[in-house]
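The primary structure of each chain is shown beneath.
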Amino acid sequence: DRPGGEALMAIPPPPPVYNWLARQPGKFSIVELPFAPRGQMWQNGSYVYWSTVHWHGVVDGYSGFAPPSYADLARTLSGFPDDRSHEALTVRHVRYVVVHFDLYKPWNAPLNVALVNRTPWLHEVQRFPDVIVLAVQPDEHLLTRADGIR
């Protein structure tokens, strides 16, 4: 800010989806689509920025550096919503998939909406302009194996 409190840049209010996520109870992760491929990770910058509204983990929230697992996750989620992506989301404790239809670019893997609508482990829980939120029903078998307690 400038002296006297005058803003150098007006910060827009958070998109409603992030306020909604902030009100969801518990500890969980989210994944936001489109999932940016390597070389286009700047596309995830808004996911990182707006995560400060809800403070939940964002499994694809890298805006500059990505761990080696990023490329593997990108390949796995390219088949979303198949069994491999279900497993990947379950082991990362992803509760919600946030789909930003307005952010898809030519380099992003397209989303098969018809297949999403037929996927038994996904269901729409919230809708905003150009954004839907899908709840992920975890694969309990995977959780049992990973936790060793269920």
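For the structure, see preceding data.
One numbering rule holds for all chains: residues counted from 1, following each sequence as written. The model is predicted, so local features are restricted to residues of pLDDT at least 70 and side-chain atom pairs to those at 80 or more, both for listing and for counting; the totals for chains, interfaces and linings are taken over all residues. As a rule here, side-chain values come from all non-hydrogen atoms in the structure, and water together with hydrogens is ignored.

A short note on the packing of aromatic side chains
For step 1, the next point in the chain: We call Phe, Tyr and Trp rings a pair once their centres come within 6.5 Å, taking the six-membered ring for Trp, and we label the pair stacked below 30 degrees between planes, edge-to-face above 60, and tilted otherwise. As enumerated under the stated definition, the model contains seven aromatic pairs in all.
For step 2, the next point in the chain: An angle of 70° between the planes, with centres 5.1 Å apart, marks the rings of W20 and Y96 as edge-to-face. Placement of W20 in helix α1 (residues 16-22) and of Y96 in strand β3 (residues 94-100) is noted, with a sequence separation of 76 residues between them. Like W20, the residue Y96 is buried in the burial classification.
For step 3, the next point in the chain: Each member of the aromatic cluster is reached from another via a ring pair, and the members are Y18, Y49 and W50. Each helix corresponds to a stretch of at least 4 residues labelled H or I by DSSP, and each strand to a stretch of at least 2 residues labelled E; elements are numbered beginning at the N terminus. Residue exposure (1.4 Å probe, protein chains only): buried if accessible area is under 20% of the type maximum, exposed if over 50%, otherwise partly exposed.

Notes on the layout of surface pockets
For step 1, the next point in the chain: When its volume is computed, the largest pocket comes out at roughly 200 Å³.
For step 2, the next point in the chain: What lines the largest pocket is a set of 14 residues, and nearest its centre among them are L33, F35, L77, S78 and A109.
For step 3, the next point in the chain: Here the residues of the lining of the largest pocket are counted per class, giving twelve nonpolar, two polar and no charged.
For step 4, the next point in the chain: Cavities and pockets are found on a 1 Å grid laid over the protein atoms alone: a cavity is a set of points where a 1.4 Å probe fits but cannot escape, a pocket is an open set with protein on both sides within 12 Å along at least five of seven lines, and a lining residue has an atom within 4 Å of such a point. Grid points are joined across faces, edges and corners, and a volume is the space filled by probe spheres set on the points. The volume enclosed by the second largest pocket comes to roughly 180 Å³.
For step 5, the next point in the chain: Around the second largest pocket, the lining is made up of 13 residues, and of these P15, Y18, H100, D102 and V131 lie nearest the centre.
For step 6, the next point in the chain: Residue assignment for the lining of the second largest pocket shows that the elements contributing at least two residues are α1 and α2 (45-54).
For step 7, the next point in the chain: Ranked by the residues each element gives to the lining of the second largest pocket, the list is headed by α1, at three residues. Amino acids outside the nonpolar list (Ala, Val, Leu, Ile, Met, Phe, Trp, Tyr, Cys, Pro) and the charged list (Asp, Glu, Lys, Arg) are all regarded as polar, and Gly is one of them.

Things to note about the nonpolar core
For step 1, the next point in the chain: Residues belong to a common nonpolar core when they are buried Ala, Val, Leu, Ile, Met, Phe, Trp, Tyr or Cys residues joined through side-chain atoms within 4.5 Å. By size, the foremost hydrophobic cluster in this structure holds 23 residues, and its most contacted members are V31, F80, L89 and V97.
For step 2, the next point in the chain: For this core, the secondary-structure elements that each account for two or more residues are β1 (29-33), α3 (69-77), α4 (83-91), β3 and β5 (131-136).
For step 3, the next point in the chain: In this structure, L89 is in contact with V31, L77, F80, V94, V97, W121 and V136, ignoring residues within four places of it in sequence.
For step 4, the next point in the chain: W50, Y96, F128 and A135 belong to the second largest nonpolar core, which has 15 residues in total. The criterion used for residue contact is that any of the two residues' heavy atoms lie within 4.5 Å.

From the geometry alone we can't say anything about function, so treat these as descriptive.
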